[in-house]
Each structure stands twice: as structure tokens, then as C-alpha cells.
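Coordinate inspection notes
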Amino acid sequence: MRSPLGIFASWLWARYSTGTGQQIELDAPKTRKRKLDSILTQHGQHYRDALQELFFQQIGSAEVREKSGLELDENDLLARRILHETFDWPKPVRFQEWIKRRNVTFDNYELARIIKSLTHDESLAVGQEVQALLELDRFKDDDYMVEACLTCLASRSHFGGYLAERLEIQDFATLRTYDLPEAHLAAIATSTSAEVAKRLADIAKFSNDPDLFLVAAKATTETNWMPVLTRAKQILNDLPQDTKDGRRLLELIVEKSAGEAEPVLRDFLKPNTPSRCNTVCEVLWYGNPLSQRVLLHLLDDERPIPGCSVNVRDRAASAISHSIESIRFDSDWSKSRREEAVEGRSKGTRTLYEASSKVLRWPTPAFGFQLSTKETPAAESSTTGVSVLG
């Protein structure tokens, strides 16, 4: 196997070109330097060593051909010119000079970053080098390196079968993230291979791990959403009553199936624990109008949220206020100001109760609250409010 830099040599050679397959031999030195600066700005300074390694490999091969009496081609001459004009190597540029001065030291993280970026071509040679690297014992416990290699291979159609084989696990129901890290599955899931898609569908059908299920579900929702939704509900129902998990799965349901989202969110809230209340507030945090229907009854709930500096009421009020342009709420306000925003004690104040209750047409007994008509001064219009049943 070539050096780690050789893994992406062919890709860099194509990148450092005009984009039409013609090398940049007609470019002036300043233009070549600008292209180099652009690459380094985008990918990092370690690409400087990578490019030099590439050009010196070309020169090394050229010197072997020279000794055999063969004629040098245009790429051989170009490599010397670029190293002299762009990288400031003194003439004559010889491969032996690179051997003397070479100190390319990539740590695993830098190497993984480079490999993870190699997703823009179908190069079989690059893929084979990455596959060989992935199978080395020295990297088998390096999660980031494995993720990078899988990402690179998933972008190449030749490796769909190889990636599918990595998912050939007999019992998806017992599979957990310590067996298959979520990031590794997410990398494989970017593959367009039909074999990989079949394995992901099996994981979505049988997995009981919320994180692995979520990755597989995202990759299969377009063609097979209803079975995925059924499994998602089952996984959510199996979570402990006081769980802090479930947010990302709920977000997927809200995103992919708005019509089914409200009853799923209400079911998730039935254990009525502060942690679950907080999770639903986070799911509906960014202006989702469902917050006015689903979170309204929490405006009477002053229980503290474990690990959070605000209580359930203030968390729900913040989420609801993000969906109502005319009303602001900030949990950093004083207690009296927060209560004013929620309940309203000043004449003419439009409260979160008023704004939200207008979208709540029917009571939901499962949550222990009902609609009631609040008494208001004659000067004010009658408003519908919500009272929590004791």
C-alpha cells in the first residue's frame, strides 16, 4: 500500500487542474499560487505537503524513466515547474531533495479529515487504498478514521457490496451503538447502493436502538414511511417514563409526517414527567405552530426540569412564544413579568393563554385539562382560557 498521502494523490491531481483534464501548464506562476492558496484555505495547510508529495512522486517516476533513456512527458516537466515556481524549491528539482527534507507527519485526525473529503469522484484506485486502510488493525478502534473511510467508500458505487457486508448482522433487534456506532451507520447510509438500502430497511424494521433506528429511518422514509412511523411509535412507547431521550425521533416525525405528529407528541407526554415535557418543548422550539396546541396545558406547570434552570411553564411559554409573532417571552425576565406574559393581569394585555387557546378547538381529557370561559371586564372581549383540573 502506498503512503497515506498516496491515497488521494489522483484526486488532488485532478483538483489542481483547470477542471477539463488539462493540467495547468499554461497558467502563470501567480495563477498557480492562487489556486494553491484556494486549496489550502478550503482544506487546511496539511494539503501543502500532500501536493508536494504528489509532484515529487511524479518526479521520482520521471527520473527512473530518464535513466532508462525514455523521453519525459509534459506532466513530468510540469511537476518540476510547479515545485520550483509555486513551492519555491530550488533548481534543479530532484526527488532526492524531497527524501532529504521530507517530514510529512499527519496525525490520524488530519489523515481522517482528508479521507472524509474524498467524495467527489468515482476513482476505484482511491477507494481500494481507503478500503485497505480501513482494514488495518491500527485503525479498527479509531472511530473517526473508520467513519471517514466509510464516508469515502459510500460515495463510490463500486463499494456498495462491501459496505452492505459490514451490515450483515444476524439480529438487528439486539444491535446497539456500542456494536455499530451511529456515525459509522450514518456514513454507510449515504451510499446509493441498493444492497445498502436493503440492509438499512432491515435495521429500520427490526432495530430497538433509537439512534441506529433514526439513521436507518432517515434513509428509508421516502419510499417506506408508514412502517417506519409504526416502528418509531413502538420505540418511543418503550422508553422509560422519565426518559430524556426521544427528541431526534420526534423531530423526524414532525418533519416527515406533520399530520401524524400531534397525536404522537401527545402520547409521548402522557407520563407527564418534566423531562418529557422539556423534550417536546425542544422539538417544537423553533416556531412550530403545533406548540400552541400541544404545550398549552403546560403553562400551569411550575415543576422544575432536572438539569435545567427553568421550570416546565417557562420552557413551554418560551416555545409557544416563538410561534406567535406578536408575543414575546423570555425566561430571564423577572417572575412577575413572566406571569404577566402567561396569565395577563393588565387590561388589554394579550397573553399566551389567549393566543394559544384560539387554536385549541377541543379539550383533551388525557392531559387533565378542559376549556373554560374566563370572566372578563365588559370593555374586553370574552376570551377562552384553559384551567388545569386538580
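Everything quoted here is computed from the prediction, not taken from an experiment.

Reading guide: rules and limits
- Residues numbered from 1 in each chain as written.
- Predicted model: local features only at pLDDT ≥ 70, side-chain atom pairs only at ≥ 80, totals over all residues.
- Heavy atoms only, no water.
- Helix = DSSP H or I, 4+ residues; strand = E, 2+ residues; numbered from the N terminus.
- Buried < 20%, exposed > 50% of the residue type's maximum accessible area, 1.4 Å probe, protein only.
- Contact = heavy atoms within 4.5 Å.
- Areas by Shrake-Rupley, 256 points an atom, 1.4 Å probe, with all protein chains shown as cover.
- Axes fitted to C-alpha atoms, helices over the stretch in contact; angles between N-to-C directions.
- Parallel < 35°, antiparallel > 145°, perpendicular 65-115°, else oblique.
- Nonpolar A, V, L, I, M, F, W, Y, C, P; charged D, E, K, R; others polar.
- Left-handed = near helix turned anticlockwise from the far one by under 90°.
- Salt bridge = Lys/Arg side-chain N within 4 Å of Asp/Glu carboxyl O.
- Core = buried A, V, L, I, M, F, W, Y, C linked by side-chain atoms within 4.5 Å.
- Expected span 1.5 Å × (residues − 1).
- Phe/Tyr/Trp six-rings, centres within 6.5 Å; stacked < 30°, edge-to-face > 60°.
- pLDDT = per-residue confidence, 0-100.

Observations concerning the overall build of the protein chain
- Summing up its helical and strand segments, the protein chain has 19 helices and 2 strands in all.
- For the protein chain, the proportion of its 390 residues judged to be buried stands at 47%.
- When contacts within the protein chain are restricted to residue pairs at least 6 apart in sequence, long-range pairs at least 24 apart make up 62% of them.
- Summed over all atoms, the accessible surface of the protein chain reaches about 20,200 Å², with 48% contributed by carbon and sulfur.

What about the packing of helix α13 (residues 247-256) against helix α14 (residues 258-269)?
- The interhelical angle for the contact between α13 and α14, taken along N-to-C directions, is 150°, at an axis separation of 7 Å. What the angle tells us is that α13 and α14 run roughly antiparallel. For the pair α13 and α14, contact is made by Leu250, Ile253, Val254 and Lys256 and by Ala258, Ala261, Val264, Leu265 and Phe268, respectively.
- Looking at side-chain class alone, the contact of α13 with α14 contains 8 nonpolar, no polar and 1 charged residues.

Examining the packing of α13 against helix α15 (residues 274-283)
- The contact between α13 and α15 brings their axes to 9 Å, and the two run at 40°. Taken together, α13 and α15 sit at an angle that is classed as oblique. Every pair of crossing elements has a handedness; the one defined by α13 and α15 is right-handed. On α15, the residues touching Arg247, Leu250, Glu251 and Val254 of α13 are Thr279, Glu282 and Val283.
- Split by residue class, the contact of α13 with α15 holds 3 nonpolar, 1 polar and 3 charged.

Observations concerning the pattern of salt bridges
- If you walk through the whole model with that rule in mind, you get 17 salt bridges.
- Between Glu260 and Lys233 there is a salt bridge, and its shortest N-O distance comes to 3.8 Å. Of this pair, Glu260 sits in helix α14 while Lys233 sits in helix α12 (residues 210-237), and the two are 27 residues apart along the sequence.
- Overall, Glu260 belongs to the partly exposed group, its relative accessible area being 29%.
- The class for Lys233 is partly exposed, based on a relative accessible area of 32%.

What to know about the nonpolar core
- Ranked by size, the top nonpolar core spans 77 residues in total, and within it Ile115, Leu265 and Leu295 carry the most contacts.
- At 12 residues, α12 tops the list of elements feeding residues into this core.

A word on unusual backbone geometry
- The linkage connecting Lys91 with the following residue, Pro92, adopts the cis geometry, with an omega of -10°.
- Unusually for a residue other than glycine, Asp88 sits at a positive phi of about 65°.
- Residue position: Asp88 is located in the loop between α4 (74-85) and α5 (95-101).
- Residue classification places Asp88 among the exposed positions, given a relative accessible area of 54%.

Regarding α14
- Given a rise of 1.5 Å per residue, 12 residues ought to cover 16 Å, and the 17 Å separating the end C-alpha atoms of α14 matches this to within 8%.
- If you check which residues of α14 are buried, you get Ala261, Glu262, Val264, Leu265, Arg266, Phe268 and Leu269.

Comments concerning the packing of aromatic side chains
- Counted by the stated rule, this structure contains 3 aromatic pairs.
- Centre to centre, the rings of Phe56 and Trp89 are 4.8 Å apart; their planes meet at 70°, and the pair counts as edge-to-face. With Phe56 in helix α3 (residues 46-67) and Trp89 in the loop between α4 and α5, the pair connects residues that are 33 residues apart, well separated along the chain.
- Here Phe56 falls in the buried class, since its relative accessible area comes to 0%.
- Arranged with centres 5.3 Å apart and planes meeting at 25°, the rings of Tyr109 and Tyr144 form a pair that is stacked. Highlighted residues: Tyr109 in helix α6 (residues 108-116) and Tyr144 in helix α8 (residues 143-154), separated in sequence by 35 residues.
- With a relative accessible area of 28%, Tyr144 lands in the partly exposed category.

As for the confidence of the model for the protein chain
- With 74% of its residues at a pLDDT of 70 or more, the protein chain has an overall mean of 76.
- Predicted confidence in the protein chain is weakest over strand β1 (residues 369-373), with a mean pLDDT of 31, and strongest over α15, with 95.
- Below pLDDT 50 for its whole length, residues 1-26 participates in 74 contacts with residues either more than four positions away or in separate chains.
- Here residues 359-390 is a poorly scored stretch, pLDDT under 50, and it has 61 contacts once near neighbours within four places are set aside; other chains count.

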